[in-house]
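These are the residues of each chain, in order.
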Amino acid sequence: MPRPTRAELDAEIVEAAAELFTAQGYRGTSVQEIADRVGYSKTGLLHRFPSKERLLAATLIGPLTEFAALRATWGALPDGPERHRRASADLVDLALRHRSRLALLFNSGLPVLPGALAGVEGLDDLGDHRTETLAAFADADDLAGTIRAQLAVTGLVSTVAARQDVPDDVLRTPLLHAFRAACGISAHAVPNEGSAC
């Protein structure tokens, strides 16, 4: 049996860190617990990832990269019902692909540690990710619509994190319908003129 590559070992560590951060919180998870989960010594793990902050950063890079690409796609679409439907489907699919990691992105308690995370691409603009995601579902000057979108996004992330036992293909359709309903996005008709999402 071939030995795992460095990338495979790193991916295993990052996945374990993401699972523990999500289950126990960032502050409630120790480097030793992550090392124990993957069968490494703490020293061995810190050789690969020099700090807990770097582990946090590594858990977020994948979803942030995909998220940035989606935001660019949404930004290129004209505002309106089609953009809202496309963005809602894309966001639900992203949430399902990155259940544990996406919860970290929107968790209001996420410890963004500027010194430790400085220079990690994508992590210096977490606020922009949140703002631009909401903009895909609501006009910036529509407070009620923005609140609906924020509640819907938070609910989406919370739901996929809590429903780890439900397969993606079973969860996707009801999740998408519920998310669109929370935002006020009609699956077929053009939303009311006053609807934000």
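Here, residues in each chain are numbered from 1, in the same order as that chain's written sequence. Since the coordinates come from a predicted model, pLDDT governs what is reported: local features require at least 70, and pairs of side-chain atoms require 80 or more to be given and counted, while whole-chain, interface and lining totals use all residues. For side-chain calculations, the full set of non-hydrogen atoms in the structure is used, while hydrogens and water are omitted.

Engineer: Even after reading the chapter, I still don't get the UniProt feature "DNA-binding region" (unreviewed entry) in the protein, so can you show me in this structure?
Structural biologist: UniProt positions are given in the numbering used here, feature names are shortened, and annotations may be inferred rather than shown by experiment. As annotated by UniProt and renumbered to match this structure, "DNA-binding region" (unreviewed entry) occupies residues 30-49. Secondary structure counts use DSSP, requiring at least four H or I residues in a row for a helix and at least two E residues in a row for a strand, with both numbered from the N terminus. As annotated, residues 30-49 comprises 75% helix and 0% strand, and the C-alpha atoms at either end are separated by 13 Å.

Engineer: Can you help me understand the packing of aromatic side chains in this one?
Structural biologist: One pair of aromatic rings is described through two measures. These are the centre distance and the angle between the planes. Aromatic rings from Phe, Tyr and Trp, taking only the six-membered ring of Trp, are treated as a pair when their centres fall within 6.5 Å; an angle between ring planes under 30 degrees marks them as stacked, one over 60 as edge-to-face, and anything in between as tilted. Summed over the entire model, instances satisfying the criterion amount to three aromatic pairs. Pairing Phe21 with Tyr26 gives two aromatic rings, centres 5.2 Å apart and planes at 55°, and the pair type is tilted. Three or more aromatic residues joined by ring pairs make a cluster, and in this case those are Trp74, Phe137 and Phe179. The criterion is that NZ of a Lys, or CZ of an Arg, lies within 6 Å of the ring centre and within 35 degrees of the ring normal, and then a charge sits over that ring. Over the face of the ring belonging to Tyr26 we find Lys52, whose NZ or CZ atom lies 4.4 Å from the ring centre.

Engineer: I'm lost on a nonpolar patch on the surface in this one. Help?
Structural biologist: Only residues whose relative accessible area exceeds 30% and that take part in no salt bridge are eligible for patches, with like-charged residues grouped when within 9 Å of each other and nonpolar side chains (Val, Leu, Ile, Met, Phe, Trp, Tyr) grouped when within 5 Å. The method behind every accessible area is Shrake-Rupley, applied with a 1.4 Å probe, and residues are considered shielded solely by the protein chains displayed. Only one rule defines a salt bridge in this text: a Lys or Arg side-chain nitrogen within 4 Å of an Asp or Glu carboxyl oxygen. Residues Leu143, Ile147 and Leu151 make up a contiguous nonpolar surface patch of roughly 330 Å² in combined accessible area. A residue is classified by how much of its surface remains accessible, and Ile147, at 40% relative accessible area, is partly exposed. To sort residues, take the accessible area from a 1.4 Å probe on protein chains only and compare it with the maximum for the residue type: under 20% means buried, over 50% means exposed, and anything in between is partly exposed.

Engineer: What am I meant to see in the packing of helix H1 (residues 6-24) against helix H2 (residues 31-38) here?
Structural biologist: When two helices pack together, you describe them by how their axes are tilted relative to each other and by the distance separating the axes. Following both chains from N to C, one finds H1 and H2 inclined at 125°, their axes separated by 9 Å at the closest point. Taken together, H1 and H2 sit at an angle that is classed as oblique. The interaxial crossing formed by H1 with H2 has right-handed handedness. Residues Glu12, Ile13, Ala16, Ala17, Glu19, Leu20, Phe21 and Gln24 of H1 touch H2, and the partners they reach there are Glu33, Ile34, Arg37 and Val38. Note that Gly is not counted as nonpolar here; it falls among the polar residues with everything else outside the nonpolar set of Ala, Val, Leu, Ile, Met, Phe, Trp, Tyr, Cys and Pro and the charged set of Asp, Glu, Lys and Arg. Of the residues that constitute the contact of H1 with H2, the class distribution is seven nonpolar, one polar and four charged. Throughout, an axis means a line fitted to C-alpha atoms (over the contacting stretch in the case of helices), and angles, computed between N-to-C directions, take values from 0 to 180 degrees. Roughly parallel refers to an angle under 35 degrees, roughly antiparallel to one over 145, roughly perpendicular to one between 65 and 115, and oblique to any angle outside these ranges. Helix crossings fall into two classes, left-handed where the near helix is turned counterclockwise from the far one by less than a right angle and right-handed where it is turned clockwise. Here, residues are in contact when the closest pair of their heavy atoms is within 4.5 Å.

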